[in-house]
Amino acid sequence: MTIFVSPEQWMPADGLILEPAADIAVRSQNNTLIVAGPGAGKTELLAQRACYLLQTGKCEPPQKILAISFKVDSAENLAKRVEKRCGKELARRFESRTFDSFAKHLLDQFRLAIPIEYRPARDYDIAFSVRDIREIATSYLTERHPTHPNWQYEIDFDELFKKLTRTPLPLKEVNSDIYDWIVIQLWGILIHGKKSLKSTLTFPIISRLAELLLRSNSYITAALRATYSHVFLDEFQDTTFIQYDLLKTAFLGSSAILTAVGDDKQRIMGWAGAMPNAFAQFIHDFNASEIHLERNHRSAPRLVEIQNILAKIIRENSVEVSSSDKWKQEDGICQVWTFSDHLQEANYVASKLDELINKQKVPPRDLCILVKQQEHIYAKALLTELEQRGIKARIEKEYQDLLADELIQLCIDALTLAVYLHSPETWQRMISFLVDLNGIEANDEQDQILRMEYQLSEFIETLREKTKQIQTKNCFESIKELNNYILDYIGIEKIIGAFPKYARKRYLTEIIEKGAEKLAESFELYGDWKESIEDFLGFNSIPIMTIHKSKGLEYDTVIFLGLEDDAFWSFRNQTDADLCAFFVALSRAKRQVIFTFSGSREVLRGRQLQTVEQFKIQISSLYQMLEQANVEVISH
């Protein structure tokens, strides 16, 4: 039986001392918007709030807390923190999902309650990309349009993808343009299938169906509201119109207490449909109070000072943030380095990175190269210079999504156990996954868990022998077979049951092959399993990525290549979004951040690489801001 503590006696887990604003947010009994800037500890705050609600009984059993994040790894990270801080028993009433997972869970559980014209088949497929929708539209939409018989060659399929879910269901037959006609036809094909095509849904379509389900079934909505007494919403500035519609239908007017956390200065997902005014809309619709966190636990004082100046430019009402007491007041470096051309830039930056790694002993993984776009072009010369110095660096977008994939994580964990004789953390993670996958209650079925551990130990021993047989040359097929061997042991049907996205065979095959391809590249290079796994995971490589991919990450040192007009080519048309992107870049650094400018640079012009002169006219306001903050400019 759980013994609750009184709210007055409750203390944060791990002896953490919360800043006053965070303490108020953790204990709030009202709908709240928490504005938390970079380094404010948003995830930790939500974990502590979950502990407070569960340990004091403010979330009364059997009700639960629903936490909704944007990324799978963010949802998993939050769930792990809650379990670590308040134990497994209470953590069972903490449900951490992504928006996509929440919507899909509703659809799969209550599919038969959806009106028949919008009800997909039980075993529907999932389409992930514009390319998938294009293939379906051009292959199965065979009806002839009276005035646009060649519509396939006239429309923008990116625009069609957005228009498919722009408005809530049911669809209205407007037919004001060719897109309206295609959308009506395509919905019928996607929902019910056609010929060899099964029901096929995108995640935005799933969210629209889940919203329709709740709006048209008051009993299901009531059951949902009875299940969750509290709802957490992470990275709320990136909420889309579709997601917000689902959120309102699910919880507006209910007794559930909502806590939204985010930072509108980091709203860089407008291109993906993020609402421009999510904070104001939430405060208005849910009558929410607003709390501003005032401490940056990440960045040194000098960097926080510059962030405060930019924050006021982006949002006039931004509060001044202070740095953590762990720093000296003079700590932090921000500079602009200027060069005559990109080759000089690459040579100098590489030498500085060499110094950071080999003299200052900064781990490569605590360094980051950022670019606004086209990292394979902007970092091309730097990659060459680093290679000549024996320093590993890689473009992270080729690995980020792959390493966040559950199947790849499983395969790497199994291989880690096979090649490392002692890896208790990996062993525990693997056992916990198998226990959850097989629906075993950890407290009640110890014999079954012991049997599972014995079976896993035998499997790992067999896997170890298989790894020894793989030859370095042309090892892709062999590593792919290893991955399939691991998945067969775990049970592919069980995996699909836990992660329905793998039900689509093409997607499953692509993930396995991509993982095998990248691991094979490492194995062919090193011929050693330990080094290959570490290389695959990027342990000893400097990551190179775009600003968008860096969101939520932090590094000792960040070097941003190309603070130039060409990189911010649409600055005048999307000034706010680019200011936010610049703020995100600036705020990834803990100790130092460097921006570079090159007088000429190799860029893409008409699908060809050309070395052209660079300017800082359109983005002069960014340089004025840096000048206002007394950022040093060093010419080379």
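Residues numbered from 1 in each chain as written. Predicted model: local features only at pLDDT ≥ 70, side-chain atom pairs only at ≥ 80, totals over all residues. Heavy atoms only, no water.

K.L.:
Describe the overall build of the chain, naming the residues involved and giving the relevant values.
P.N.:
On a plain count of helices and strands, the chain comes out with 26 helices and 19 strands. Here the chain, with 636 residues, has 53% of them falling under the buried criterion. In the chain, of all internal contacts separated by at least 6 residues, the share reaching a separation of at least 24 is 79%. As displayed, the chain has an accessible area near 29600 Å², and 49% of this comes from carbon and sulfur atoms. For the chain, the separation between the mean place of its 76 positive charges and that of its 90 negative charges on side chains is 2 Å. (Helix = DSSP H or I, 4+ residues; strand = E, 2+ residues; numbered from the N terminus. Buried < 20%, exposed > 50% of the residue type's maximum accessible area, 1.4 Å probe, protein only. Contact = heavy atoms within 4.5 Å. Areas by Shrake-Rupley, 256 points an atom, 1.4 Å probe, with all protein chains shown as cover. Lys, Arg positive; Asp, Glu negative; His and termini not counted. Charge placed at Lys NZ, Arg CZ, Asp CG, Glu CD.)

K.L.:
Can you tell me about the sheet that holds strand 13 (residues 393-395), naming the residues and giving the values?
P.N.:
Strands sit in the order 13-14-12-15-16-11-19 across an open sheet of seven strands; the sheet is parallel. Unpaired on one side and paired on the other, strand 13 and strand 19 (632-635) mark the two borders of the sheet. Strand-to-strand twist of the sheet, defined as the mean angle between neighbouring strand axes without regard to direction, takes the value 25°. Looking at chain direction, strand 12 (residues 367-371) and strand 15 (residues 555-560) are connected through four bridges and run parallel. Pairing of Leu-367 across the sheet is with Thr-557, part of strand 15. Each of strand 11 (333-339) and strand 16 (589-598) touches helix 12 (residues 301-314); the most contacted strand, strand 16, lies at about 60° to it. Sitting on the sheet, helix 25 (residues 575-586) touches strand 11, strand 12, strand 15 and strand 16, and the angle it makes with strand 16 is about 125°. (Pairing = 2+ DSSP bridges. Axes fitted to C-alpha atoms, helices over the stretch in contact; angles between N-to-C directions.)

K.L.:
Describe the domain arrangement of the chain, and please don't skip the residues or the numbers.
P.N.:
For the chain, the assigned domains are domain 1 (7-97 + 216-293), domain 2 (125-198), domain 3 (301-392 + 541-635) and domain 4 (399-537). A separation of 33 Å is found between the C-alpha centroids of domain 1 and domain 4. (Domains from an automatic or database assignment.)

K.L.:
An account of the pairing of strand 11 is requested, with residue identities and associated values reported.
P.N.:
Most of strand 11 sits inside the fold, with six of its seven residues counted as buried. Sheet topology places strand 11 next to strand 16; seven bridges connect them, and they run parallel. Note on strand 16: the bridge partner recorded for Gln-335 is Ile-594. One ladder, built from four bridges, connects strand 11 with strand 19; its direction is parallel. The partner of Val-336 across the bridge, within strand 19, is Val-633.

K.L.:
Tell me about the environment of Val-584, and name the residues and values.
P.N.:
Structurally, Val-584 can be placed in helix 25. Assessed through its relative accessible area of 0%, Val-584 is described here as buried. Spatially, the C-alpha atom of Val-584 lies 8.4 Å from that of His-548, the residues being 36 residues apart in sequence. Setting aside anything within four residues of it in sequence, one finds Val-584 in contact with Gln-266, Ile-268, Ile-547 and Ser-550.

K.L.:
Tell me about the sheet that holds strand 1 (residues 32-35), and name the residues and values.
P.N.:
Strands belonging to one sheet form pairs held by backbone hydrogen bonds; the direction of such a pair is parallel or antiparallel. Reading across the sheet, the six strands line up as 3-2-6-7-1-8 and stay open at both edges, with parallel pairing between neighbours. Edge positions in the sheet fall to strand 3 (94-98) and strand 8 (289-292), since each has one partner strand and no second. For this sheet, the mean angle separating the axes of adjacent strands, direction not counted, is 20°. Note: strand 6 (residues 228-233) against strand 7 (residues 257-262), four bridges, orientation parallel. The residue bridging Val-231 from the neighbouring strand is Leu-258, located in strand 7. Seen against the sheet, helix 3 (residues 72-91) touches strand 2 (64-69) and strand 3 and runs at an angle of roughly 175° to strand 3.

K.L.:
Help me get a handle on the side chain of Ser-199, residues and values and all.
P.N.:
Summarising the element assignment, Ser-199 is placed in the loop between helix 7 (178-192) and strand 5 (200-201). At a separation of 3.1 Å, a polar atom in the side chain of Ser-199 contacts the main-chain amide nitrogen of Ala-121. A distance of 2.5 Å separates the side chain of Ser-199 from the backbone oxygen of Ile-191, its partner in a polar contact. Once you skip the residues sitting within four places of it in the chain, Ser-199 turns out to touch Pro-120, Ala-121, Tyr-124, Asp-125, Leu-190, Ile-191, His-192 and Gly-193. (Polar contact = N/O pair within 3.5 Å; in protein donor to acceptor, adjacent residues only side chain to side chain.)

K.L.:
Break down helix 8 (residues 203-215) for me, citing the residues and quoting the values.
P.N.:
Under the 1.5 Å per step criterion, the end-to-end length of helix 8 is 18 Å for 13 residues, consistent within 8% with the ideal 18 Å. In terms of burial, helix 8 is a largely internal element, 11 of the 13 residues being buried. Taken as a whole, helix 8 has its buried residues at Phe-203, Ile-205, Ile-206, Ser-207, Arg-208, Leu-209, Ala-210, Glu-211, Leu-212, Leu-213 and Leu-214. On the buried face of helix 8, the contacting elements are helix 4 (99-110), strand 4 (125-126), helix 7, strand 5, helix 9 (218-227) and helix 10 (241-251). (Expected span 1.5 Å × (residues − 1).)

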